[in-house]
Amino acid sequence: MIDSHTHLEICEPPDTELVAAAEAAGVTRIVTVGMTGASCRAALAAAEAFPQVYAAIGRHPNEARGFDDADLAELAALAAHEKCVAIGETGLDYYRDYAPRADQERAFHAQIELAREVGKPLVIHSRAADEDTLSTLAQRADGVRVILHCFSMTERTRECLAHPDWWLSFAGNLTYKTAEPLRAAAELVAPERLLVETDAPYLTPQPLRGKPNQPANVVHTARAIAVLRGVTYEQLEAQVERSAAAVFDW
């Protein structure tokens, strides 16, 4: 199984234990995601330290305050690393509004172009901003592979699936009792565009809810999706591995 989105830097315990636990659970690859310059460098350090770990390099919308050309240059330099497989996470967050919306938009637009320039997929964070996020992607991201991380746009699932270069990634909140719309969305996604993630240390799956999340726990979400889709875990595992290989080009 693949954990297509985690944050090793802010997970517990240390990376060595997290990666070992994931390996024991059958997780063969992990994408750890940067949100600031420092966390991007930490993600690359983890990717250098462990063969099964890869990095995504980006500026989270909540960290976009003051984003400028120097910030973009830093991201571009980090994205040149051989174990960087994606740009992001980026996008829009109107729920927290920790950064001015103009700054969020500037960082988002810049990272779309960076993804295009380096030929890597774009990892999208969107919270309480579906309309603006989807409009921006439709207008600016043509030809860029897009990963809708922690997919939540359930009322617009079919609209998202109409874009052949967009992948939908589902996290542990799919397993929550109130998440029927998410489960319905996960049933609609073609196998070749389906990803599974933890977003650890957040969104711990229901069987372990109340504890910090970690990459090993992606298997709980994957098992739930396999049941939803009427396939064996092994079949889903093979499908997700092919989907991840296609989008991350590894």
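What you see is a predicted model, and the numbers here were worked out from it, not measured in a lab.

This part takes up the overall build of the protein chain. Check the secondary structure of the protein chain and you find 9 helices and 8 strands. Over its C-alpha atoms the protein chain spans a radius of gyration of 17 Å, differing by no more than 12% from the 18 Å that the globule rule assigns to 250 residues. With the C-alpha coordinates aligned to their principal axes, the bounding extent of the protein chain is approximately 45 × 40 × 30 Å. Expressed as a percentage of the 250 residues in the protein chain, the buried residues total 56%.

Now for the pattern of salt bridges. When their charged atoms lie close together, side chains carrying opposite charge are able to pair. Under the defined criterion, the tally for this structure stands at 8 salt bridges. In this structure, E113 and R116 form a salt bridge, with 3.4 Å as the shortest nitrogen-oxygen distance. Of this pair, E113 and R116 both sit in helix α4 (residues 101-118), 3 residues apart, which is roughly one turn of that helix. Relative accessible area serves as the criterion here: at 32%, E113 is assigned to the partly exposed category. Classification of R116 as partly exposed rests on a relative accessible area of 35%. Each of E131, R156 and E159 takes part in one network of salt bridges that share partners.

For the rest of this paragraph, the subject is the pairing of strand β1 (residues 2-6). Within β1, 5 of the 5 residues are buried, which leaves the element mostly enclosed by the surrounding structure. Note that the unit made of β1, helix α1 (residues 15-24) and strand β2 (residues 29-33) has a crossover that is right-handed.

What follows concerns the pairing of strand β3 (residues 53-57). With 5 of 5 residues buried, β3 is to be regarded as a mostly interior element. Every second residue of β3 is oriented toward a common face, with V53, A55 and I57 on one face and Y54 and A56 on the other, all of them buried. Note: β3 against strand β4 (residues 84-93), 3 bridges, orientation parallel. Among the inter-strand pairings, A55 is bridged to a residue of β4, identified as C84.

What follows concerns the environment of E234. Relative to the helices and strands, E234 resides in helix α9 (residues 233-248). Counting along the chain gives 11 residues from E234 to R223, while the straight-line C-alpha distance between them is 9.5 Å.

With respect to the secondary-structure elements, R229 resides in helix α8 (residues 218-229). Here R229 is buried and forms no salt bridge, its nearest opposite-charge partner E192 lying at an N-O distance of 7.1 Å.

A few words on the sheet that holds strand β5 (residues 122-127). What the 8 strands build is an open sheet, ordered β1-β2-β3-β4-β5-β6-β7-β8; its pairing is parallel. One side of each edge strand has no neighbouring strand; the edge strands of this open sheet are β1 and β8 (194-196). The average undirected angle you get between the axes of adjacent strands in this sheet is 30°. Strand direction decides the pairing type here: strand β6 (residues 146-148) and strand β7 (residues 166-170), joined by 3 bridges, are parallel. Each bridged residue has a counterpart across the sheet, and for V146 the counterpart in β7 is W166. Where helix α2 (residues 37-49) meets the sheet, it contacts β2, β3 and β4, and its direction lies at approximately 160° from that of β3. Here α8 sits on the sheet in contact with β1, β7 and β8, set at roughly 145° to β8.

Rules of the game
- Residues numbered from 1 in each chain as written.
- Predicted model: local features only at pLDDT ≥ 70, side-chain atom pairs only at ≥ 80, totals over all residues.
- Heavy atoms only, no water.
- Helix = DSSP H or I, 4+ residues; strand = E, 2+ residues; numbered from the N terminus.
- Rg over C-alpha atoms; globule rule 2.2 N^0.38 Å.
- Buried < 20%, exposed > 50% of the residue type's maximum accessible area, 1.4 Å probe, protein only.
- Salt bridge = Lys/Arg side-chain N within 4 Å of Asp/Glu carboxyl O.
- Right-handed = clockwise from strand over helix to strand, strands pointing away.
- Pairing = 2+ DSSP bridges.
- Lys, Arg positive; Asp, Glu negative; His and termini not counted.
- Axes fitted to C-alpha atoms, helices over the stretch in contact; angles between N-to-C directions.
- Contact = heavy atoms within 4.5 Å.

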